[in-house]
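Survey of secondary and tertiary structure
Now for the letters of each chain:
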Amino acid sequence: MPAEQNLNIVPFVSVENMMDLVLATGAETFLRELATYVEEDFRRWELFDKVARIASHSRDGVIELMPASDGQLYAFKYVNGHPKNTRSGRQTVTAFGVLSDVDSGYPLLLSEMTILTALRTAATSAIAAKYLAPKGAKTMALIGNGAQSEFQALAFKALLGIDNLRLYDLDPSATERCRNNLAGLGLTITACRSAEEAVEGAHIITTATADKRNATILTDNMIGPGVHINAVGGDSPGKTELHRDILLRSSIFVEYPPQTRVEGEIQQLPADYPVTEFWQVVTGQKTGRDSDGQITLFDSVGFATEDFSALRYIYDRLRGSNRFENLDLVADPDEPRDLFGMLLRRAAQPATSK
Ligand SMILES: NC(=O)c1ccc[n+]([C@@H]2O[C@H](COP(=O)([O-])OP(=O)(O)OC[C@H]3O[C@@H](n4cnc5c(N)ncnc54)[C@H](O)[C@@H]3O)[C@@H](O)[C@H]2O)c1
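Because the structure is predicted, anything quoted here is derived from the model rather than measured. (Residues numbered from 1 in each chain as written. Predicted model: local features only at pLDDT ≥ 70, side-chain atom pairs only at ≥ 80, totals over all residues.)

Section: the site of the ligand
The environment of the ligand is made up of 29 residues, and the closest members are Thr92, Gly146, Ala147, Gln148 and Gly302. Put simply, the parts of the chain that give the shell around the ligand at least two residues each are helix H3 (114-132) and strand E11 (214-218). In terms of residue class, the shell around the ligand is made up of twelve nonpolar, 13 polar and four charged. Here the shell around the ligand gathers at least three residues from each of two domains, domain 1 (9-115 + 306-334) and domain 2 (128-302). (Near = placed C-beta within 6 Å. Helix = DSSP H or I, 4+ residues; strand = E, 2+ residues; numbered from the N terminus. Nonpolar A, V, L, I, M, F, W, Y, C, P; charged D, E, K, R; others polar. Domains from an automatic or database assignment.)

Notes on helix H2 (residues 27-43)
An α-helical turn contains 3.6 residues, so a residue and the one three or four places further along point in the same direction. In this model H2 runs 24 Å from its N-terminal to its C-terminal C-alpha over 17 residues, within 8% of the 24 Å that 1.5 Å per residue would give. Of all the residues in H2, the buried ones are Phe30, Leu31, Leu34, Ala35, Tyr37, Val38, Glu39, Asp41 and Phe42. Residues of H2 that are buried make contact with helix H1 (15-25), H3, helix H4 (149-160), helix H9 (278-282) and helix H10 (304-317). (Expected span 1.5 Å × (residues − 1). Buried ≥ 20, exposed ≤ 12 C-beta atoms within 10 Å, placed from the backbone. Contact = placed C-beta atoms within 7 Å.)

Looking at the sheet that holds strand E2 (residues 54-57)
Strand order in the open sheet formed by seven strands is E2-E3-E4-E5-E6-E1-E17, with mixed pairing between adjacent strands. Strands with a single pairing partner mark the edges of an open sheet, and in this sheet they are E2 and strand E17 (325-328). Adjacent strand axes in the sheet meet at a mean angle of 20 degrees, parallel and antiparallel pairs treated alike. Here strand E4 (residues 73-81) pairs with strand E5 (residues 95-101) via seven bridges, running antiparallel. Bridge assignment links valine 79 to a residue of E5, and that residue is alanine 95. (Pairing = 2+ DSSP bridges. Axes fitted to C-alpha atoms, helices over the stretch in contact; angles between N-to-C directions.)

Some remarks on the domain arrangement of the protein chain
When its domains are assigned, the protein chain resolves into domain 1 (9-115 + 306-334) and domain 2 (128-302). Placing a centre on the C-alpha atoms of domain 1 and another on those of domain 2 gives a separation of 24 Å. Taken together, the contact between domain 1 and domain 2 spans 20 residues of the former and 21 residues of the latter. By residue number, the principal contributor to the side of domain 1 that touches domain 2 is H2, which donates eight residues. Along the lines of polarity and charge, the residues of the side of domain 1 that touches domain 2 split into nine nonpolar, three polar and eight charged.

Details of the environment of aspartate 163
The topology assignment puts aspartate 163 in the loop between H4 and strand E8 (164-168). For aspartate 163, a count of 14 C-beta atoms within 10 Å corresponds to the partly exposed category. Considered as a pair, aspartate 163 and alanine 153 are ten residues apart in the sequence and their alpha carbons are 9.0 Å apart. With residues up to four places along the chain from it excluded, the contact list for aspartate 163 reads Lys138, Lys157, Gly186, Leu187 and Thr188.

So this is what it looks like as structure tokens:
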């Protein structure tokens, strides 16, 4: 938390400062620390004010607003998902977010969240796997080697000790880039020519592909007993990655059912199909993995509390740090009700001081 400052000033974490913060911390340490915040907020789940995100769909993508509050802090994230964007040099997912003080309603922090989303998604995936993946899992298949992929790989290494990675992407140059980016970080990496090859011998399968349709990245015959599936890329109506038959053989864990029923893999199932809310596994109210042969599926769509946790973590990290800029974001007239007077006083100032 930055030191007390003028009421008009809100700390802003730019992309550059976010990168420096991650690099100064070390990506794996950052992921581990962030994961403790995400897990803590899953444990505090019941006290959160929660709502399914507000999604504005268009032909090629979606723009979403994701709010959550624990009664003391409030956060929201703006995020988009446009799978075609990479063709025009843009990213599929970009984001920024705000953390506010509930008592005054004043913003405490404005932050880039494109990098932070990749980190929080990876941290959340790894926490879920900590509870759901087979014990001693060492090998992960990672299908879809785009922007999220290295973050996923590092989170699973940092939190679960995954050291063997099997990569596959429709575009071999994506796999090559992912492999090069992860070189020297302690992972044994195999580039595969198909999703079938990638899942061979994998204890955990992560899918993080982007396509605005009901894709079939994994078919039923590819999933053996005991595997944990971390399905990240199916996160919007009409945008899924798994064949329905896999769902019918799996124990399914979700973040917030009202959102996942619309956006997740389970949109392929009846609205009352039984699923387990992941927070209940974290609090011990429900069992996670209960047998060696069980197929567990974390049907991840990304929920607002995870962004809340990420912003809460960044806010704490800013204490004693200079990795933010001061933004003149909130109008602060000398007398609170004299907002127009502030405008008049500005007009009266000499042009040189403007
Ligand atoms: N669940 C969450 O919390 C969460 C958070 C962030 C992103 N996402 C989703 O994760 C997915 C990946 O995001 P990204 O930013 O890495 O996207 P990206 O566009 O950078 O990468 C996606 C990759 O998937 C590959 N791909 C597409 N179809 C494929 C197929 N059939 N087989 C193999 N590879 C295929 C593409 O070639 C590309 O390299 C997106 O769908 C995004 O919406 C989910």
